[in-house]
Amino acid sequence: VQLQAFGGGFVKAGDSLRLSCAASGRTVDDFTMGWFRQAPGKEREFVAAINWNGSSAYHTDSVKVRFTISRDNAKNTVHLQMNSLKFDDTAVYYCAAMRGSIESMARFPEKSDFWGQGTLVTVSS
């Protein structure tokens with residue numbers, strides 16, 4: 001499976017962006033999908049994850065209400081809608097796929113099976 005994340009860009013605080021992660025090579029409708037981010041000088045952190053059919057999702061506290069993860073299995077794609085962006089949201093955002101639960105992805109991201117290359121989001125204050 002190859003994952004390609006795109007949709008990042010340079011925006012102002014308060015703006016919105018929609019990130020997408022397109023999977024190729026095989027379908028990912030049996031994977032939990034997630035988003036992570038890594039800000040300059042900081043460790044990678046979990047952002048959100050969604051289960052295989054989209055019936056369950058989890059967002060880390062710092063992005064709850066503002067970000068929404070979703071998936072379209074027909075298009076083999078996962079999205080991250082980011083609203084009310086803040087300066088602290090500036091980071092490279094990565095998508096990942098895991099044969100496991102949302103909890104597993106959030107707690108043990110290193111066990112993810114596949115990672116995308118990342119897309120940069122820069123939010124000006």
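Before reading further, recall that the structure is shown in the block above.
Parameters at a glance
Residues numbered from 1 in each chain as written. Predicted model: local features only at pLDDT ≥ 70, side-chain atom pairs only at ≥ 80, totals over all residues. Heavy atoms only, no water. Phe/Tyr/Trp six-rings, centres within 6.5 Å; stacked < 30°, edge-to-face > 60°. Lys NZ or Arg CZ within 6 Å of the ring centre and 35° of its normal. Disulfide = S-S within 2.5 Å. Helix = DSSP H or I, 4+ residues; strand = E, 2+ residues; numbered from the N terminus. Buried < 20%, exposed > 50% of the residue type's maximum accessible area, 1.4 Å probe, protein only. Salt bridge = Lys/Arg side-chain N within 4 Å of Asp/Glu carboxyl O. Core = buried A, V, L, I, M, F, W, Y, C linked by side-chain atoms within 4.5 Å. Contact = heavy atoms within 4.5 Å.

**Focus: the packing of aromatic side chains**
Here comes step 1: Applying the stated criterion to the full structure yields four aromatic pairs.
Here comes step 2: Three or more aromatic residues link up through ring pairs in this structure, and these residues are Phe36, Phe46, Tyr58 and Trp115.
Here comes step 3: Its end group placed over the ring of Phe36, Arg44 keeps NZ or CZ at 5.8 Å from the ring centre.
Here comes step 4: One residue, Lys111, lies across the ring of Phe108, its end atom 4.9 Å from the ring centre.

**Description of the state of the cysteines**
Here comes step 1: Per the counting criterion, the structure on display carries one disulfide.
Here comes step 2: Across a sulfur-sulfur distance of 2.1 Å, Cys21 and Cys95 are joined as a disulfide pair. In this structure, the disulfide formed by Cys21 and Cys95 twists by about 65° around the S-S bond and is classed as right-handed. Note that Cys21 is positioned in strand E3 (residues 17-24) and Cys95 in strand E9 (residues 91-98), a separation of 74 residues in sequence. Note on accessibility: Cys21 and Cys95 belong to one class, buried.

**Thoughts on the pattern of salt bridges**
Here comes step 1: Summed over all chains, the structure comprises seven salt bridges.
Here comes step 2: Salt-bridge contacts for Arg37 lead to Glu45; the nearest nitrogen and oxygen are separated by 2.6 Å.
Here comes step 3: On the accessibility criterion, Arg37 (5% relative accessible area) is buried.
Here comes step 4: Notably, a salt bridge pairs Asp89 with Arg37, separated by 2.9 Å at the nearest N-O pair. Pair noted here: Asp89 is in the loop between strand E8 (77-82) and E9 and Arg37 is in strand E4 (residues 32-38), with a separation of 52 residues, a long-range link. Across the pair, exposure class does not vary: Asp89 and Arg37 are buried alike.

**Examining unusual backbone geometry**
Here comes step 1: Of note in this structure, Asn76 is not a glycine but carries a positive phi near 55°.
Here comes step 2: For Asn76, the location among the structural elements is in the loop between strand E7 (67-72) and E8.
Here comes step 3: Phi angles above zero are rare outside glycine, and Ser84 is one such case at about 50°.
Here comes step 4: Exposure remark for Ser84: the relative accessible area of 41% places this residue in the partly exposed category.

**As for the nonpolar core**
Here comes step 1: Grouped together as the largest cluster of nonpolar side chains are 28 residues, with contacts concentrated most on Met33, Trp35, Val47, Phe67, Leu80, Met82 and Tyr93.
Here comes step 2: Residue assignment for this core shows that the elements contributing at least two residues are strand E1 (2-6), E3, E4, strand E5 (45-50), E7, E8, E9 and strand E11 (119-124).
Here comes step 3: With residues up to four places along the chain from it excluded, the contact list for Met33 reads Leu3, Cys21, Val28, Ala48, Ala49, Ile50, Ile69, Arg71, Val78, Ala96, Ala97 and Met105.
Here comes step 4: With seven residues, the next largest nonpolar core counts Phe36, Ala96, Met98 and Met105 among its residues.

Everything listed here is a matter of geometry and, on its own, says nothing about what the molecule does.
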